[in-house]
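Single-letter residue listing:
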Amino acid sequence: ADDPLNQPLTGLEQVIEAALQDPVHWRAFEALLPAGDLFVVPEGAATAVQGMRTLRPDETLDLRGVVLADGVIAGAVFTDPRRIQAIWGKDVSCIAMNGLRVLKLFSDRPVLLNHGSARPLLFQIDDVDALIAAANARVETPARPTGTVQLGHPQQSPDVLLERLRAAFGPAGGDTDIRAA
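Cut-offs used in this document
Residues numbered from 1 in each chain as written. Predicted model: local features only at pLDDT ≥ 70, side-chain atom pairs only at ≥ 80, totals over all residues. Heavy atoms only, no water. Pairing = 2+ DSSP bridges. Helix = DSSP H or I, 4+ residues; strand = E, 2+ residues; numbered from the N terminus. Axes fitted to C-alpha atoms, helices over the stretch in contact; angles between N-to-C directions. Buried < 20%, exposed > 50% of the residue type's maximum accessible area, 1.4 Å probe, protein only. Salt bridge = Lys/Arg side-chain N within 4 Å of Asp/Glu carboxyl O. Parallel < 35°, antiparallel > 145°, perpendicular 65-115°, else oblique. Left-handed = near helix turned anticlockwise from the far one by under 90°. Contact = heavy atoms within 4.5 Å. Nonpolar A, V, L, I, M, F, W, Y, C, P; charged D, E, K, R; others polar. Polar contact = N/O pair within 3.5 Å; in protein donor to acceptor, adjacent residues only side chain to side chain. Phe/Tyr/Trp six-rings, centres within 6.5 Å; stacked < 30°, edge-to-face > 60°. Lys NZ or Arg CZ within 6 Å of the ring centre and 35° of its normal.

**Let's talk about the sheet that holds strand β2 (residues 65-67)**
And then number 1: Pairing in this open sheet of 4 strands is mixed, and the strands run β2-β3-β5-β6 from one edge to the other. Across the chains shown, the open sheet's two edge strands, defined by having one partner strand only, are β2 and β6 (121-123). When the angles between neighbouring strand axes are averaged without regard to direction, this sheet yields 35 degrees.
And then number 2: The pairing of strand β3 (residues 73-77) with strand β5 (residues 111-113) spans 3 bridges and is classified as parallel. Within β5, the position partnered with Ala76 by the bridge is Leu112.

Right, dumping it as structure tokens:
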């Protein structure tokens, strides 16, 4: 039987697979990576923490990296905790973080996504910068609705809707001024 870790485990991984087959899907990947959760492995004292906790502004968090063939240390980032456990053991702690925050943490170094998997992705510093810039551009320029809005009287009175609005927002006696415009 095939190893389940050789198959996509998350929606993001499905998009990665699609993008590897057809580059037209990279836009979807660029949108999903910073928007979803990614997983990192803490080092030192942070490994003893169980459950949820918030870092203080003055607190430092050391994260596990991976030494690349050229000696550079890349940030080790994963799309699913099972990928971490497969290479570093079942007892390793991990932290789920928003993808954009993870990218910003590693903006000064390469990022190796899904180290140890069948399809790891290496993002150089310029790639990480481009992903951050694309995510920031999406945040700054949200999609705007298009089209024309026309207001008018309904052809049929929405009696059921009006009854529910009166029940939800009217006074206890049911006497309201809610009516179709």
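**Observations concerning unusual backbone geometry**
And then number 1: Of note, Asn114 is a non-glycine position whose phi angle comes to about 60 degrees, a positive value.
And then number 2: Its relative accessible area of 4% is what places Asn114 among the buried residues.

**Regarding the pattern of salt bridges**
And then number 1: According to the stated counting rule, one finds 6 salt bridges in the structure shown.
And then number 2: When the shortest N-O distance is used, the salt bridge between Arg119 and Glu17 registers 2.2 Å. Here the residue Arg119 occupies a position in the loop between β5 and β6, and Glu17 occupies one in helix α1 (residues 11-21), the gap between them amounting to 102 residues.
And then number 3: In this structure, the salt-bridge partner of Arg109 is Asp108, at a minimum N-O distance of 3.6 Å.

**So, the pairing of β3**
And then number 1: In terms of burial, β3 is a largely internal element, 4 of the 5 residues being buried.
And then number 2: Here 3 bridges tie β2 to β3, and the two strands are oriented antiparallel to one another. For Val67, the partnering residue across the bridge sits in β3 and is Ile73.
And then number 3: The turn linking β2 back onto β3 is made up of 5 residues, and Gly71 within it adopts a positive phi angle of 90 degrees.

**Some points on the packing of α1 against helix α2 (residues 26-35)**
And then number 1: As a packed pair, α1 and α2 sit with axes 8 Å apart at the nearest point and diverge in direction by 155 degrees. Our classification of the angle between α1 and α2 gives roughly antiparallel. In terms of crossing hand, the pair formed by α1 and α2 is left-handed. Taking contact as the criterion, the partners of Leu12, Val15, Ile16, Ala19 and Leu20 in α1 are, on α2, Trp26, Ala28, Phe29, Leu32 and Leu33.
And then number 2: For the contact of α1 with α2, the per-class residue count stands at 10 nonpolar, no polar and no charged.

**A closer look at the side chain of Arg83**
And then number 1: Residue placement: Arg83 occurs in helix α3 (residues 81-88).
And then number 2: Within the structure, Arg83 has its side chain in polar contact with the backbone oxygen of Gln7 (distance 3.0 Å).
And then number 3: Those residues within four positions of Arg83 in sequence are excluded, and the remaining contacts are Leu5, Gln7, Pro8, Leu9, Glu13, Phe78, Asn114 and Ser117.

**What to know about the packing of aromatic side chains**
And then number 1: In this structure the tally under the stated criterion is 3 aromatic pairs.
And then number 2: Geometrically, the ring pair formed by Trp26 and Phe29 is edge-to-face, given 4.9 Å between the ring centres and 90 degrees between the ring planes. In this pair, Trp26 and Phe29 are both assigned in helix α2, 3 residues apart and thus about one turn of the helix distant.
And then number 3: With relative accessibility at 1%, the residue Phe29 sits in the buried group.
And then number 4: Considering the side-chain rings of Phe78 and Trp88, the 5.6 Å spacing of their centres and the 75 degrees angle between planes classify their relative orientation as edge-to-face. Of this pair, Phe78 sits in the loop between β3 and α3 while Trp88 sits in helix α3; the two residues are 10 residues apart in sequence, bridging distant segments of the chain.
And then number 5: Through a chain of ring-to-ring contacts, three or more aromatic side chains come together here, namely Trp26, Phe29 and Phe123.
And then number 6: Over the aromatic face of Trp88 sits the side chain of Arg64, whose NZ or CZ is 4.6 Å from the ring centroid.

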